[in-house]
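Structure assessment
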Amino acid sequence: MNFYKDDPLIQSILKDSLAPDFFEWADKELSAFGEKCATVIEERARHTDREGQPRLVRYDAYGNEQPYVWVNEGYKQTVKETYNKGIVGYIHKPIPELSHKGNYLYSFAQGYLLSQTEPGFYCPVTLTMATAYLVEQYGDAELKAKYLPHILSTGDDELYEGATFLTEQQGGSDVGANETRAIYDEEKGCYRLYGLKYFASNAGMCGVAAVLARPEGAPAGTKGLSLFLVPWKKGSSNTSGIKVRRLKDKLGVRAVPSGEVEFEGAEAYMIGEKERGFYYMMEALNLSRICNAVASVGIMRRAYTESYSYASERNAFGKKLMDYPMIQDSLVKMNVKLEAEVRTVFELVKEFDMWYNDRSSIPEDGMLRLMIALIKAETAEEAIHFSHEAIEMHGGNGYIEDFVTSRLLRDAQVLTVWEGTANILGLEVLRLFTKFDAGTRFAERMEKELSACSDGIEKTELLQCLFWLQEEISDLEDMDEAEKTRRIKPLQKKMVSTLEAVTLLKAAEKSGNKRSQKAAQVYVEHFLYPLWGNSQEPWSLQDGLTILSAKAAVEKG
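Computed from a predicted structure; not experimentally measured.

Now for the nonpolar core. Grouped together as the largest cluster of nonpolar side chains are 162 residues, with contacts concentrated most on Tyr-104, Phe-108, Tyr-122, Met-129, Phe-346, Leu-370 and Phe-442. Core analysis: the next-biggest nonpolar cluster, separate from the first, contains 23 residues, Val-69, Val-230, Ala-268 and Met-270 among them.

This is the structure in structure tokens:
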């Protein structure tokens, strides 16, 4: 098995998106990484989830308290191999074989493969990506020179994994309620942090952490928060100012150590302007939300792969599961939804790459933030749904730990919580509607993209759905704030489903093949139309089986 070679869709996306020399190099690298993810890293993930979970070692041999988190040797090897492949480093520094930098597209392709085996391994990568972004964009020259080579290590320097600590016990998502204090130490020329971060992932494993704290005299709320870089390497002087109170006993993603971290005078160095700490962290959060979406489609892909494989091998009542029309219909719908979400996520990644390389290339109209919020919420929910479908396909076998399906469901559940729940994302969308008129702009963007597609039944149906969507967006403007919060999540679902349908139609337009056109039709009739109470057309699935059969979907992409 090879998660990359067995996935023609991700190969075609990269081939269409990367320069020829970059793709040739990336194709070889991802082929090797995809095989490793499907074999040895999968074995490590299973061991880590069951027997090798991180453990807090509270005291050393002399009885001294220490912030030491133990992880198994397989975990350490996966960390080494993954970072040495440039999953973080090559976003910011040249790839030796190519003499130019990589990009987020290549990095997220790696994350997509890694998440198919263990999103708990990918979480620390996400945090390190966010830390690298913050230090590169807003750190001063001294911070960059001292820490960035370690954060970006591909084996050439000692690796410092990153972390971003926001959540506090009294606030949760209400970051403005944070109480962690930052007091300036004149003698040392740095700040000292005091306070508790209540859900801190990569605790004890990170070499540096980006932490929000409130300097003395700063106002309440988010405007009073500054961003600090806290060194945290085992054996350094700063470990005496950091305590891990406990590790969280989590439902899933057990590979990543998440804990309660207490600062008791830890050294900290301010990143960027004092008054803009919260805004810096929100930029990093948008990056992390894309990572979350990538992890979600990774789980979806693995759930589909396991479902297809099981249906092809399992006999029931004298026939293969694959021979039953209801099984075929389930796999066809999974395949179409998976393709829609993978394409949409990687289109978002390409847009983010453009913004990262040249912010003037994308208007500051809130559209990128809107797309991130919509796609993060949708993919996280679908990761759970796909995991459920995989268990359903396996029957009783899907519920036991001999198969990966139960772990997929446990791991998928956190993706709706990490980087903002659906409720938090709904509030974000409402803010963008108010500040940028983002709802109207979104509808205009969809209309423009549809106008470039050839006429056909899918386009006609999509234009009808877009008309209904524009009416709902317009109606929302006249509602009071309470009613808007009640309506926004169903509206978000319609927006992102319209986006995915348009993405599939554009792909069909580009490829010109019948299968892609049928995928767009199935999506509109089974995922988009029903959102407005319109009945599905069962014949579209039956008609598409010769093109969208599970076998064809895997082999042809």
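In this structure the tally under the stated criterion is 22 aromatic pairs. Put simply, the rings of Tyr-104, Phe-108, Tyr-133, Phe-352, Trp-355 and Tyr-356 pair up and form one aromatic cluster. Between the NZ or CZ atom of Arg-55 and the centre of the ring of Trp-70, over which it lies, the distance is 4.0 Å. If you follow Lys-319 out to its NZ or CZ, it ends over the ring of Tyr-324, 4.4 Å from the centre.

Right, let's get into unusual backbone geometry. Its identity is not glycine, yet Phe-317 carries a phi of approximately 55 degrees, on the positive side. On the secondary structure map, Phe-317 appears in the loop between β12 (315-316) and β13 (319-320). Its relative accessible area of 83% is what places Phe-317 among the exposed residues. Unusually for a residue other than glycine, Glu-419 sits at a positive phi of about 60 degrees. Within the secondary structure, Glu-419 is located in the loop between α12 (405-413) and α13 (422-436). By relative accessible area, Glu-419 is classed as partly exposed at 22%.

Parsing the chain into structural domains produces domain 1 (8-152), domain 2 (162-274) and domain 3 (438-535). Placing the centre of domain 2 and that of domain 3 at their C-alpha centroids yields a distance of 42 Å.

Looking now at the packing of helix α9 (residues 277-313) against helix α10 (residues 325-357). At a closest axis distance of 10 Å, the pairing of α9 and α10 adopts a crossing angle of 155 degrees. As judged from the angle between their axes, α9 and α10 are roughly antiparallel. The element α9 and its partner α10 pack so that their crossing is left-handed. Looking at the contact of α9 with α10 residue by residue, the class counts come to 20 nonpolar, two polar and four charged.

Most of strand β9 (residues 226-231) sits out of view: six of its six residues are buried. Judged by which residues are buried, β9 turns out to be covered on both faces: Ser-226, Phe-228 and Val-230 on one side and Leu-227, Leu-229 and Pro-231 on the other are all buried. Sheet topology places strand β8 (residues 208-215) next to β9; six bridges connect them, and they run antiparallel. Opposite Ala-213, over in β9, you have Ser-226 as the bridge partner. Two elements, β9 and strand β11 (residues 258-270), share two bridges in a ladder whose sense is antiparallel. Along β11, the bridge assignment pairs Leu-229 with Tyr-269.

About the thresholds
Residues numbered from 1 in each chain as written. Predicted model: local features only at pLDDT ≥ 70, side-chain atom pairs only at ≥ 80, totals over all residues. Heavy atoms only, no water. Core = buried A, V, L, I, M, F, W, Y, C linked by side-chain atoms within 4.5 Å. Buried < 20%, exposed > 50% of the residue type's maximum accessible area, 1.4 Å probe, protein only. Phe/Tyr/Trp six-rings, centres within 6.5 Å; stacked < 30°, edge-to-face > 60°. Lys NZ or Arg CZ within 6 Å of the ring centre and 35° of its normal. Helix = DSSP H or I, 4+ residues; strand = E, 2+ residues; numbered from the N terminus. Domains from an automatic or database assignment. Axes fitted to C-alpha atoms, helices over the stretch in contact; angles between N-to-C directions. Parallel < 35°, antiparallel > 145°, perpendicular 65-115°, else oblique. Left-handed = near helix turned anticlockwise from the far one by under 90°. Nonpolar A, V, L, I, M, F, W, Y, C, P; charged D, E, K, R; others polar. Pairing = 2+ DSSP bridges.

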